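Fold and geometry: a report
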Amino acid sequence: MNGARRISSAAHHAWTRRHFLRLGAVGAAALNLPPTGAAEPLPPELARTVESLEPFFTPPDKFRDVSRGKPLPHSLPEDKKRIVGLTRETWKLEVISDPENPASLRNPLTHKTGTALDFPRLLQLGEKHSVRFAKMMTCLNIGCPLGMGLWEGVPLREVIALTQPRENLRRVFYYGYHNDDPAQMFRSSLPIDRVLEDPFDLPPVILCYKLNGAWLDSERGGPVRMVVPEAYGFKSVKWLTHLVLTNLFHANDTYANDNNNVESWLKTFAATLSIPKSVKPGESIPVTGYAQVGLSGLTRVQVSIQSDAAVNPPDEWTDAQILAPPRNWGHLPEGKIPPGTMGFDDVTGAPRTWPMRLAKVHWAVLLPGRPAGHYTFRCRTIDEKGAAQPLPRPFKNSGHSAIELTEFTVKES
Ligand SMILES: Nc1nc2c(c(=O)[nH]1)N[C@H]1C(S)=C(S)[C@@H](COP(=O)(O)O)O[C@H]1N2
Ligand SMILES: [Mo]
């Protein structure tokens, strides 16, 4: 057979069977049983690779930073940070009405009247209202996940309620600290409806002050950043300084300037984490990767291998195994999900659904050996409606979903 042959149907059925077995494990998680790791033993060649997978939640030094600013706000010296309100002791948030398109507020929160929201008052709101949820932070226009986090904070609506809005409030604009330089301004916005209500079982939009169990650090936007669960990273403005409540009906996000679609929600897509660059003829090929689970959910991850000799794009895809929730969640205190986390069982810490929307899953596959040659490996997701990546939203200005291509060689060492 040539290198572009189909993955043997026996292997295909084995993986399909495992897929269904694994769904059984999800059922177990739903019944509050502890998470199980892999649902059944993986082949040893694959188990080794799976053991060295990245942690589920991203350690602080592994988060990628794409923030703007000259100087970068998180690089300012401590005393400067104190002066401009970038420490928990000095942070204050103004919440005011838009002078050009005023919303009527009984009680704006301002520096001038001494009513701006400070950190202790935010924590006080947190005692009653705080929430915590898992979400991947992903940049819309570089397509790259920057990190997986357990984000914690106070629903934005609780802070807006303090201003006692009366009428003519259609949108919330919010701004991050950028050296008091208008040319560096970074702002984003949301419709008030999204802030007041959480449609489709989404977590609320929060003013976030903790990440993965620790205070939100300066590089991640501390002391306080916005986190918008379903959105790409640019909606989650860091180093929050003020909110403007407006009667304007449309977005004026900084990110609109680069031809980005500023109202798009997280897409589902897959990418590779490890694949050997070179393997021997006939030697099976372990591959691991992750998928971002967007709002359209995830039912399958599929892979294909194509020989350079083949001319057409692949039409044979085979299922990879979506891994069950990890036993150890990685960079969290004791590796455990704390009680009271949205989407997780309070007693067992197991996720209530899996794959979990807005989060990541890992996948693995052991591919049968190939004859010598050059090959291209592809992976793709199938969402809950059956749409295969890059569908249903293939355009890159609404977020990354292009199918990733990885090349490798099969040769005698
Ligand atoms: N104030 C401010 N907030 C910001 C940005 C910025 O440049 N300034 N970048 C945004 C973009 S484009 C992304 S993708 C995310 C990245 O979040 P992270 O640095 O925590 O990974 O932050 C967003 N929030
Ligand atoms: Mo971004």
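Shown above is the structure to which this text applies.
Residues numbered from 1 in each chain as written. Chains lettered and ligands numbered in written order. Predicted model: local features only at pLDDT ≥ 70, side-chain atom pairs only at ≥ 80, totals over all residues. Heavy atoms only, no water.

Section: the packing of aromatic side chains
Scanning all chains against the criterion turns up 16 aromatic pairs. Ring plane angle 40° and centroid distance 5.9 Å describe the contact between Phe56 and Trp354, whose orientation is recorded as tilted. Here Trp354 lies in the loop between strand S18 (321–322) and strand S19 (360–367) and Phe56 lies in the loop between helix H2 (44–51) and helix H3 (78–84), a separation of 298 residues in the sequence. Per residue, the accessibility class of Phe56 equals that of Trp354, and both read buried. Relative to Tyr290, the ring of Phe269 has its centre 6.2 Å away and its plane inclined at 75°; by these criteria the two rings are edge-to-face. Pair noted here: Phe269 is in strand S13 (residues 269–274) and Tyr290 is in strand S15 (residues 285–292), with a separation of 21 residues, a long-range link. Among the aromatic side chains, those forming a connected cluster through ring pairs are Phe56, Phe57, Trp329, Phe344 and Trp354. The positively charged end of Lys210 is found above the aromatic ring belonging to Trp215, 5.1 Å away from the centroid. Cation over ring: Lys360 sits above Tyr290, and NZ or CZ is 5.4 Å from the ring centre. (Phe/Tyr/Trp six-rings, centres within 6.5 Å; stacked < 30°, edge-to-face > 60°. Helix = DSSP H or I, 4+ residues; strand = E, 2+ residues; numbered from the N terminus. Buried < 20%, exposed > 50% of the residue type's maximum accessible area, 1.4 Å probe, protein only. Lys NZ or Arg CZ within 6 Å of the ring centre and 35° of its normal.)

As for the site of ligand 1
By nearness alone, 20 residues border ligand 1, and Arg68, His178, Arg220, Arg225 and Lys238 come closest of all. Asp65 is positioned such that a nitrogen or oxygen atom in its side chain is 3.4 Å from an oxygen atom of ligand 1. Here an oxygen atom of ligand 1 sits 3.0 Å away from a polar atom, N or O, in the main chain of Arg68. Here ligand 1 loses 99% of its free accessible area of 530 Å² to cover by the protein chains. The residue makeup of the shell around ligand 1, split by class, is nine nonpolar, five polar and six charged. (Near = heavy atom within 4 Å. Polar contact = N/O pair within 3.5 Å; in protein donor to acceptor, adjacent residues only side chain to side chain. Areas by Shrake-Rupley, 256 points an atom, 1.4 Å probe, with all protein chains shown as cover. Nonpolar A, V, L, I, M, F, W, Y, C, P; charged D, E, K, R; others polar.)

Details of the sheet that holds strand S17 (residues 318–319)
One open sheet holds the five strands; their spatial order is S14-S21-S20-S16-S17, and the pairing between them is mixed. Unpaired on one side and paired on the other, strand S14 (278–279) and S17 mark the two borders of the sheet. Across two bridges, the pairing between S14 and strand S21 (residues 404–410) is parallel. Counted as the bridge partner of Val279 is Val410 from S21. (Pairing = 2+ DSSP bridges.)

Observations regarding the environment of Thr246
Its location among the elements puts Thr246 in strand S12 (residues 240–246). Overall, the relative accessible area of 0% leaves Thr246 in the buried class. Other than its neighbours up to four places away in sequence, Thr246 contacts Asp98, Asn101, Ala103, Asn168, Leu169, Arg170, Arg171 and Phe173. (Contact = heavy atoms within 4.5 Å.)

Comments concerning the sheet that holds S12
Judged by pairing direction, the sheet is mixed, and its five strands sit side by side in the order S3-S1-S12-S7-S8 without closing on themselves. Both outer strands of the open sheet, strand S3 (117–118) and strand S8 (187–191), are each paired with one neighbouring strand and no more.

Concerning the pairing of strand S7 (residues 171–176)
Burial analysis of S7 places six of its six residues in the buried class, which makes it a mostly covered element. Residues of S7 alternate between two faces, with Arg171, Phe173 and Tyr175 on one and Val172, Tyr174 and Gly176 on the opposite face, all of them buried. Across five bridges, the pairing between S7 and S8 is antiparallel. Across the sheet, the residue bridging to Val172 is Leu190, located in S8. Relative to S12, S7 runs antiparallel, the two being bridged by six bridges. Note on S12: the bridge partner recorded for Val172 is Leu245.

Some remarks on helix H4 (residues 119–129)
Listed in full, the buried residues belonging to H4 are Phe119, Leu122, Leu125 and Gly126. Each buried residue of H4 lies within a common arc of 115° when the element is viewed along its axis, so the set occupies one face. Across H4 from its buried face, at more than 90 degrees, point the exposed residues Pro120, Gln124, Glu127 and Lys128. Packed against the buried residues of H4 are S3, strand S5 (145–155), helix H5 (156–162), strand S9 (206–211) and strand S10 (214–215). N-cap assignment for H4: the residue whose side-chain oxygen lies 3.1 Å from the backbone N of Arg121 is Asp118. (Arc of directions from axis to C-beta.)

Read these as geometric descriptors, not functional statements.
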